[in-house]
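Fold and geometry: a report
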Amino acid sequence: MDDARDVRSTAGFASRVAMLASLLGAAAAVPGVALGDAVGGGCAVEPLPVPVVDQLPASASQSLALGVPGRNDRQGTLYQGEDGGFTLVYESGIGAELESSELHVVTSPDGTRVCGPTPITRLPGANVHVPAFVELAGETWLYFASGTSRADPPLLWRVSFDGRDFSTPQRVADIPGLARVLGWPRWTTHEGRLVVSFRDRRSRPHWAVHDPDQPAQPVQIGDLGAAYVRVVPMTGGGWLLSYQRPAPEREFLTYVRISEDGEAWSEPEPVTRPVAPNHVNVHDAFALPRADRGVDLYYIYPSPRQGTPPAGFDLYRRAVLGPREFGPEQRLTDPADLRVYAPSAHRLRDGRVLLTFSRIISNLGYVSEARQHLAILPGDAPLHEPQGSDR
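Described below are features of the structure shown in this document.

Basis of the calculations
Residues numbered from 1 in each chain as written. Predicted model: local features only at pLDDT ≥ 70, side-chain atom pairs only at ≥ 80, totals over all residues. Heavy atoms only, no water. Pairing = 2+ DSSP bridges. Helix = DSSP H or I, 4+ residues; strand = E, 2+ residues; numbered from the N terminus. 1 Å grid on protein atoms, 1.4 Å probe; cavity = no way out; pocket = protein on both sides within 12 Å on 5 of 7 lines; lining within 4 Å. Points joined across faces, edges and corners; volume = space filled by probe spheres on them. Nonpolar A, V, L, I, M, F, W, Y, C, P; charged D, E, K, R; others polar. Salt bridge = Lys/Arg side-chain N within 4 Å of Asp/Glu carboxyl O. Buried < 20%, exposed > 50% of the residue type's maximum accessible area, 1.4 Å probe, protein only. Core = buried A, V, L, I, M, F, W, Y, C linked by side-chain atoms within 4.5 Å. Contact = heavy atoms within 4.5 Å.

1. Structural notes on the sheet that holds strand β16 (residues 227–233)
Backbone-to-backbone hydrogen bonds join strands into a sheet, with any given pair of strands oriented parallel or antiparallel. Strands sit in the order β16-β17-β18-β19 across an open sheet of four strands; the sheet is antiparallel. Since the sheet does not close on itself, it has two edges, and those belong to β16 and β19 (269–270), each with one partner. Relative to strand β17 (residues 239–246), β16 runs antiparallel, the two sharing five bridges. Within the sheet, the bridge partner assigned to alanine 227 lies in β17 and is glutamine 244.

Below, the structure is given as structure tokens:
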């Protein structure tokens, strides 16, 4: 959600500096895991169970709170072992600008319980962002970007991971057009090739599909300003582009475009258009390929509620199967006790979905503190409205 400000506005710098100064002392004391140390070999403490959501929308008690107080946690990426366990890596920084951003690791011995988080130390760069596990030629790699500030040109890196240990970081070739860390490169794979999507200095969306040992040759998709740019392969074939940009109502909508061949793209369609009393402010889309076809898109927008602030972000999802082909919208979090952002979703080996989101603790115009939460969903978003629904 934070990169949207670069399309339209910026937050106050002085308040962020004050918040950073007040939090640095507590954050610096967190122990770290150096590269080469085992992170997937078991838990030093008794692991905690990840709740399985049996009723939607889910309350806070149906999720497991992780994270370190005083930090701002972001979307994660998942590695799954053959034994059913997994390793989750997510970005964690300080304040709205994610100063002192680092990568935190959560491990699961069996896919149902977790321990952590623990920071990965000794990664290159003052700030580390946008981690992504990818599988290439039978080997698992963790890609990420680093930079002194988010306005700097990013340095791109990868480390291999064997389920227990990370290797020494390797530099990845620069990507033409990716001029700032704020371009937020997003990696995935398709048919053994690396897929990267990002926005350039003018916030125009780009993407590339290439062999990992060859430089990327990005292609621009449309001449428009966009944030949160992602391109992912759809189950059954085709590609989905999602991004957010200002709406006529002066807030933000999240749009999708679909391509069968990666060259011609459908016209932009909003994934949803909230109606009053909800707010037209749709952010943070994350696409998970469905088990059958298409993708499920996870996203947030605000609804009114009691207390201060008077509105907070709720988490939704819906199936996107093709141009103008959407499933019903499904609310995932209960507005009574959850304000969330930065969701991600990951397919577990048993077909269920590991859901992550950041519960907002402090929002002073932009999210400055948020804690990572985990929950397990039984399956994908519905394709039809449930019987008796009044939506």
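2. Comments concerning empty space enclosed by the protein
Inspection of every chain in the model, using the stated rule, returns two cavities of 30 Å³ or more. Here the largest cavity defines a volume of roughly 50 Å³. Along its surface, the largest cavity is lined by 13 residues, and Val53, Ala58, Leu332, Leu355 and Phe357 are the ones closest to its centre. When residues of the lining of the largest cavity are traced back to their parent elements, those giving at least two are β26 (353–363) and β27 (367–377). Across the lining of the largest cavity, the residue classes tally to nine nonpolar, four polar and no charged.

3. Description of the pattern of salt bridges
When the charged atoms of two side chains lie near each other, side chains of opposite charge can form a pair. Across all of its chains, the model carries 14 salt bridges by this definition. A salt bridge links glutamate 97 to arginine 150; the nearest nitrogen and oxygen atoms lie 2.6 Å apart. Of the two residues, glutamate 97 sits in the loop between β5 (86–94) and β6 (99–108) while arginine 150 sits in the loop between β9 (139–146) and β10 (155–161), which places them 53 residues apart along the sequence. Each member of the pair, glutamate 97 together with arginine 150, is buried. A salt bridge links arginine 113 to aspartate 110; the shortest N-O distance between them is 2.8 Å. The exposure class assigned to aspartate 110 is partly exposed, which follows from its relative accessible area of 30%.

4. Quick look at the nonpolar core
Counting 30 residues, the largest nonpolar core has Leu240 and Leu297 as its most contacted members. Mapped onto this core, the elements with two or more residues apiece are β16, β17, β18 (252–259), β20 (283–289), β21 (295–304) and β22 (311–322). Setting aside residues no more than four positions away along its own chain, leucine 240 makes contact with Arg230, Val231, Val232, Met234, Val256, Arg257, Ile258, Trp265, Ala287, Val295, Leu297 and Val320. Formed by 22 residues, the second largest nonpolar core is a distinct cluster that contains Ala60, Ile300, Tyr341 and Phe357.

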